[in-house]
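Structural description and commentary
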Amino acid sequence: MTKTTRHVAFAAGIGLALTATAGNADVIKVGVVAPFSGPFAVYGQEFRGAIDTWVAQHGKMAGSHEVQFIFKDSGGPNPAAAKSATQELLIRDGVKYLAGYVFTPNALAAAPLASKAHVPTVIWNAATSIITTKSPEFIRTSFTLPQAAMPMADWAIAHGIKSVVIAVSDYGPGIDADKAFAKEFTAKGGTILDEIRMPVNTTDFSPFMQRIKSKAPNALFSFIPAGPPAFSFVKSYSDYGLKAAGIKFLGTGDLVDETELQGIGDAGIGVITAHHYSVAHDSAANKAFLAAFQKAAPNVTPNFAAVGAYDGMRVLYKMIEAGGTDGAKALKSVIGTSWESPRGPVTIDPRTRSLTQNMYIREVVKGADGKLENKEIDTIKDVPDLGLVSK
Ligand code: PHB
């Protein structure tokens, strides 16, 4: 796909350009930085699907302003690419809002630019706690790793798990997940037998699987960003006999997101994860979201990234309606607000500018239709970003 695509094409020629300028005087541009190519391109599809769903439901106008999206491809975790994409959007395209950002290093690379330009930025996915402290312009509509990992540790203790090996991707969110799980689990009497950090881009997990198995823990706890590595990791857990050895698999929901679940197959059954969204979440708001998404993006299986973007669209529209090009006014209009998301009730916590939301403990099971799903088996209500604040 081309590096830059626009929903609205500008007219060429002087006469037309003058008309177009007058007609588009009230167009507000939003730059979306995400992977649209490479192994993590599924995120770009989720984001586009969410934008199309929101626009199909609410139109192109936010109050009196027409909203135009400009997409830039960052590929996977690549701060240099994210930085230049963000710079181009701000300087060449004149965007008044930024959105997207799947990977922590990419969001961190955008922080000083958003701050300098005073451009409100909605992080739709990147999930290391520290991100929102790096720019006062940042609001996050996804989740954070401590928010998921600490309830997972509590659940493990409550269910008789006494020893764990932690294995995470070796970068921001993996380190957050590792530290938060270990802190909570050991504080409540559990033992960590080993902490393994794995390269972000690896899909060969055989040495790690041998190492985990040799420690014979009650359970494995893991975070790997959703995508091909997570898929291989869950498959390897079964292929290398950890499942057969009775080692329970605990993690964050990134490991078993719905785009990968059917492909993972029976190897995934019984995996327990903590996360903020399951497609199987039973609510009217989620049913309405899924039906609208299916209509707007029939070729995309929605997952947690789609919901992060869909809620991100709500926040963008509200900001644009209330603030227009006045970024400070825009931010003020949404911080502290609450709504019913497809995931459940959420609030933008003024302390962290991340969401306070329910965390769900989910188990991969075969549903009534024979398809695998993340069945919610426990709900921990109103969890803030535990990486920055306690309850
Ligand atoms: C991140 O880099 O912050 C990140 C990426 C993918 C996930 C979660 C977090 O699934």
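Residues numbered from 1 in each chain as written. Predicted model: local features only at pLDDT ≥ 70, side-chain atom pairs only at ≥ 80, totals over all residues. Heavy atoms only, no water.

**Looking at the packing of helix 3 (residues 79-91) against helix 4 (residues 104-117)**
Cut-off, in case you're wondering: For helices, the fitted axis covers only the stretch in contact; all axes are lines through C-alpha atoms, and the angles between them, taken along N-to-C directions, range from 0 to 180 degrees. By definition, any uninterrupted DSSP run of H or I lasting at least four residues is a helix, any uninterrupted run of E lasting at least two residues is a strand, and each is numbered from the N terminus. Orientation labels follow simple angle bins: below 35 degrees gives roughly parallel, above 145 gives roughly antiparallel, 65 to 115 gives roughly perpendicular, and whatever is left gives oblique. Handedness of each helix crossing follows the sense of rotation of the near helix against the far helix: counterclockwise by less than a right angle gives left-handed, clockwise gives right-handed. Contact between two residues is taken to exist if any of their heavy atoms lie within 4.5 Å; hydrogens are not considered. Gly is placed with the polar residues, together with every amino acid not listed as nonpolar (Ala, Val, Leu, Ile, Met, Phe, Trp, Tyr, Cys and Pro) or charged (Asp, Glu, Lys and Arg).
Axis separation between helix 3 and helix 4 bottoms out at 7 Å; the angle between their running directions is 30 degrees. Considering the angle they form, helix 3 stands roughly parallel to helix 4. For helix 3 against helix 4, the interelement crossing comes out right-handed. Only Pro-105, Asn-106, Ala-109, Ala-110, Leu-113 and Ala-117 of helix 4 make contact with helix 3, whose side of the interface consists of Pro-79, Ala-82, Lys-83, Thr-86, Gln-87 and Leu-90. A breakdown of the residues in the contact of helix 3 with helix 4 according to their chemical character gives eight nonpolar, three polar and one charged.

**What about the layout of surface pockets?**
What counts here: Grid points spaced at 1 Å over the protein atoms alone were grouped into cavities, where a 1.4 Å probe fits but cannot get out, and pockets, open sets with protein on both sides within 12 Å along at least five of seven lines, with lining residues defined by an atom within 4 Å of a point. Grid points are joined across faces, edges and corners, and a volume is the space filled by probe spheres set on the points.
The volume enclosed by the largest pocket comes to roughly 330 Å³. Taken together, 14 residues make up the lining of the largest pocket; nearest its centre are Gln-262, Val-279, Asp-369, Lys-371 and Leu-372. When contributions to the lining of the largest pocket are tallied by element, the ones reaching two or more residues are helix 9 (258-264) and strand 16 (372-383). The biggest single contributor to the lining of the largest pocket is helix 9, with three residues.

**Section: the nonpolar core**
Soluble, globular proteins show a tendency: their nonpolar side chains are buried together. Short version of the rule: Only buried Ala, Val, Leu, Ile, Met, Phe, Trp, Tyr and Cys residues count toward a nonpolar core, and they belong to the same one when joined by side-chain atoms within 4.5 Å. A 1.4 Å probe rolled over the protein chains alone gives each residue an accessible area, and that area as a share of the maximum for its type sets the label: buried under 20%, exposed over 50%, partly exposed in between. Where each domain starts and ends follows an automatic or database-derived domain assignment.
In this structure, Phe-69, Trp-124, Phe-181 and Met-319 are the most contacted members of the largest nonpolar core, which totals 79 residues. For this core, the leading source of residues is helix 11 (residues 304-323), giving 12 residues. Both domain 1 (25-143 + 282-353) and domain 2 (146-275 + 359-383) contribute no fewer than three residues apiece to this core. Listed in part, the 25 residues of the second largest apolar core include Phe-233, Phe-249, Leu-255 and Leu-261.

**A short note on the domain arrangement of the protein chain**
Where we set the bar: Buried area is understood as the total, over both parts, of accessible area removed when two parts are fitted together, assessed with a 1.4 Å probe. Salt bridge, as used here: a side-chain nitrogen of Lys or Arg that lies within 4 Å of a carboxyl oxygen of Asp or Glu.
Segmentation of the protein chain into domains returns domain 1 (25-143 + 282-353) and domain 2 (146-275 + 359-383). Summarising the inter-unit geometry, the C-alpha centres of domain 1 and domain 2 are found 27 Å apart. Contact residues are listed per partner, giving 19 residues for domain 1 and 21 residues for domain 2. Around 1,500 Å² of area is buried between domain 1 and domain 2 when both sides are counted, 65% of it from carbon and sulfur atoms. A per-residue breakdown of the area domain 1 buries against domain 2 is headed by Phe-40, Phe-143 and Phe-304, which together make up 35% of the total. In this structure, the connection of domain 1 to domain 2 is made through zero salt bridges.

**Overview of the confidence of the model for the protein chain**
Spelled out, the test is: A residue's pLDDT is simply how confident the predictor is in it, with values from 0 to 100.
Here the protein chain shows a mean pLDDT of 94. Residues at 70 or above account for 94%. Counting interchain partners and residues more than four positions distant, the pLDDT-below-50 stretch residues 1-25 has 32 contacts.

**Some remarks on unusual backbone geometry**
The phi dihedral of Tyr-101 falls on the positive side, at around 65 degrees, and the residue is not glycine. Checked against the element boundaries, Tyr-101 lands in the loop between strand 5 (97-100) and helix 4. Non-glycine residue Arg-353 carries a positive phi angle of around 55 degrees. On the secondary structure map, Arg-353 appears in the loop between strand 14 (344-348) and strand 15 (355-366).

**Describing the environment of Ala-180**
Looking at where Ala-180 falls in the secondary structure, it is placed in helix 6 (residues 172-187). With relative accessibility at 7%, the residue Ala-180 sits in the buried group. As a C-alpha pair, Ala-180 and Gln-147 span 33 residues in sequence and 8.6 Å in three-dimensional space. Ignoring any residue separated from it by four or fewer positions in sequence, one finds Ala-180 in contact with Pro-146, Ala-149 and Met-150.

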